[in-house]
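# Examination of the molecular architecture
One letter stands for each residue in the lines below.
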Amino acid sequence: MTDEKTRLGELRDEIDSLDQQIMDLISARARCAQEVAHVKMAANPDENVFFYRPEREAQVLRRIKEHNPGPLPAEEMARLFREIMSACLALEKPMHIAFLGPIGTFTQAAALKHFGHSVISVPLPAIDAVFREVESGAAHYGVVPVENSTEGMINHTLDMFMSSPLKICGEVQLRIHHHLLVSPKHKDQEITRIYSHQQSFAQCRQWLDTHRYGIERVTVSSNAEAARRAAEEPGTAAIAGDMAAELYGLEKLANSIEDRPDNTTRFLIIGREEVPASGHDKSSILVSMRNKPGALYQLLEPFHRHGISLTRIETRPSPSGTWAYVFYIDFEGHMEDETVRKVLAEVDEEAVELKRLGSYPIGVL
Ligand SMILES: O=C(O)C(=O)C[C@]1(C(=O)O)C=C[C@@H](O)C=C1
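None of these values were measured; they are calculated from a predicted model.

### Quick look at the sheet that holds strand E14 (residues 325-332)
Read from one edge of the open sheet, four strands run E13-E14-E12-E15, paired in antiparallel fashion. Both edges of this open sheet fall to strand E13 (310-317) and strand E15 (353-361), since each of them pairs with a single strand only. For this sheet the average axis-to-axis angle between neighbouring strands, irrespective of direction, equals 15 degrees. The sheet contact formed by strand E12 (residues 281-288) and E15 spans eight bridges and is antiparallel. Looking across to E15, one finds that Asp281 is bridged to Pro361. Where helix H12 (residues 338-350) meets the sheet, its contacts fall on E12, E14 and E15, and the angle it forms with E15 comes to roughly 160 degrees.

### With respect to the UniProt feature "site: Essential for prephenate dehydratase activity" (unreviewed entry) in the protein chain
As annotated by UniProt and renumbered to match this structure, "site: Essential for prephenate dehydratase activity" (unreviewed entry) occupies Thr265. Tracing the chain through its elements places Thr265 in strand E11 (residues 264-271). The class for Thr265 is buried, based on a relative accessible area of 7%. The residues touching Thr265, leaving out its near neighbours within four places in the chain, are Pro145, Glu147, Asn148, Val172, Gln173, Leu174 and Ile176. Polar side-chain contacts of Thr265 include one of 2.9 Å to the side chain of Asn148.

### With respect to the domain arrangement of the protein chain
Looking at the assigned domains, one finds that the protein chain contains domain 1 (179-260) and domain 2 (277-361). Between domain 1 and domain 2, the C-alpha centre-to-centre distance is 40 Å.

### A look at helix H11 (residues 295-305)
Residues of H11 that are buried: Ala295, Leu299, Pro302 and Phe303. Each buried residue of H11 sits inside an arc of 105 degrees when the element is viewed along its axis, so together they form one side. Opposite the packed face of H11, turned more than 90 degrees from it, sit the exposed residues Tyr297 and His304. On its buried face, H11 sits against E12, E13, E14 and H12.

### What about the sheet that holds strand E10 (residues 251-254)?
Reading across from one edge, E8-E7-E9-E6-E10 is the order of the five strands in this open sheet, with mixed pairing throughout. A strand with exactly one partner marks an edge of an open sheet, and here the two such strands are strand E8 (216-220) and E10. Sheet twist, expressed as the average angle between the axes of neighbouring strands with direction ignored, equals 35 degrees. Pairing between strand E7 (residues 193-197) and strand E9 (residues 236-240): three bridges, direction parallel. Following the sheet pairing, Ile194 is matched in E9 by Ala237. Those strands touched by helix H9 (residues 223-232) are strand E6 (179-182), E7, E8 and E9, and its axis lies near 155 degrees from that of E9.

### Structural notes on the packing of aromatic side chains
In this structure the tally under the stated criterion is five aromatic pairs. In this structure an aromatic cluster arises from ring pairing among Tyr52, Phe115 and Tyr141.

### Quick look at the site of the ligand
Inspection of the region around the ligand gives Arg29, Val36, Lys40, Phe51, Tyr52, Arg53, Arg56, Glu57, Met85, Cys88, Leu89 and Glu92 as its neighbouring residues. Glu57 has a polar side-chain atom sitting 2.6 Å from an oxygen atom of the ligand. Against a free-state accessible area of 360 Å², the protein chains account for coverage of 90% of the ligand. Of all elements in the fold, only helix H1 (3-43), helix H2 (54-67) and helix H3 (74-92) reach the threshold of two or more residues within the shell around the ligand. At four residues, the largest contribution of residues to the shell around the ligand is made by H3. Taken together, the residues of the shell around the ligand sort by class into six nonpolar, no polar and six charged.

Rules used in this analysis
- Residues numbered from 1 in each chain as written.
- Predicted model: local features only at pLDDT ≥ 70, side-chain atom pairs only at ≥ 80, totals over all residues.
- Heavy atoms only, no water.
- Pairing = 2+ DSSP bridges.
- Helix = DSSP H or I, 4+ residues; strand = E, 2+ residues; numbered from the N terminus.
- Axes fitted to C-alpha atoms, helices over the stretch in contact; angles between N-to-C directions.
- Contact = heavy atoms within 4.5 Å.
- UniProt positions renumbered as here; feature names shortened; annotations may be inferred.
- Buried < 20%, exposed > 50% of the residue type's maximum accessible area, 1.4 Å probe, protein only.
- Polar contact = N/O pair within 3.5 Å; in protein donor to acceptor, adjacent residues only side chain to side chain.
- Domains from an automatic or database assignment.
- Arc of directions from axis to C-beta.
- Phe/Tyr/Trp six-rings, centres within 6.5 Å; stacked < 30°, edge-to-face > 60°.
- Near = heavy atom within 4 Å.
- Areas by Shrake-Rupley, 256 points an atom, 1.4 Å probe, with all protein chains shown as cover.
- Nonpolar A, V, L, I, M, F, W, Y, C, P; charged D, E, K, R; others polar.

Okay, here's the thing in structure tokens:
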């Protein structure tokens, strides 16, 4: 045997032995999670048991990232643990996660990034349908897009919070890469039409104007639907992401055609219960103020005085009347924090209405 073969053999034996140890440890961890489920059920025999604990998951993933010894990057290690925890949670209780479908959308990719692959993901045709599915209890949690770094807020999601009793339980960000996709069956044909979602067209506008000027652009309900059509119709292409490309067996004519290299979408996790503090949290509120001079100043001043950082403020027309506005505000901290309590008490005194949408861990992955 050559030296190379001997050494390879030794290393592979070592990998086999390590794999066995990893497997034994993952199994021990899974048994622990089963025990956790029994403890939770025993403590709440008559109530809804919350098996999924977003604050605990965030703490576990943060610790993994902080203590990762390398050589694997911390992000990669956290991703592996994300999947281990997902499988452990599925042993406790299989989670139904509603998302803005169809299958193959970026929202599904975000749901799997946040919850791992051991959940049952349920595609729904519209943002309000995702809210309804969670409100009715048919799904445990929902995932909806809320803002894109190129295109701004997804107003439909913001407006749903005005009437929905649901809470925000988490956030997840996804780097969005769009590709120009064609079916290998039709790839020699001239492309006369491109399908995509309106948001994706907007995120690739400059690239399209430069490289595919004059080709008909047809807006459809999702990227996945665009990919489905391109797979079937000769002479067409789709702009969509990797999941949709894989799902419909499409090839990339051009890779990562988004105009901004940092194109990112933020998604929210919506659920029926409040999330305890994880130690590194964000909160969201909706506030409507009286229409008078200085109203916005009055609203923001307590945040400034108490040193609380705002991460976003958006204005939406109020459903209650013409030229009345509702402010959607994200800020750092948890509603259980003493300082946040004080600020919200002050805001509440001045506001016509203050709605607490929830506190949740700042996205870890
Ligand atoms: O700590 C818990 O409450 C668990 O249920 C265990 C565990 C885990 O595998 O670490 C699993 C699911 C929860 O969402 C959080 C953590």
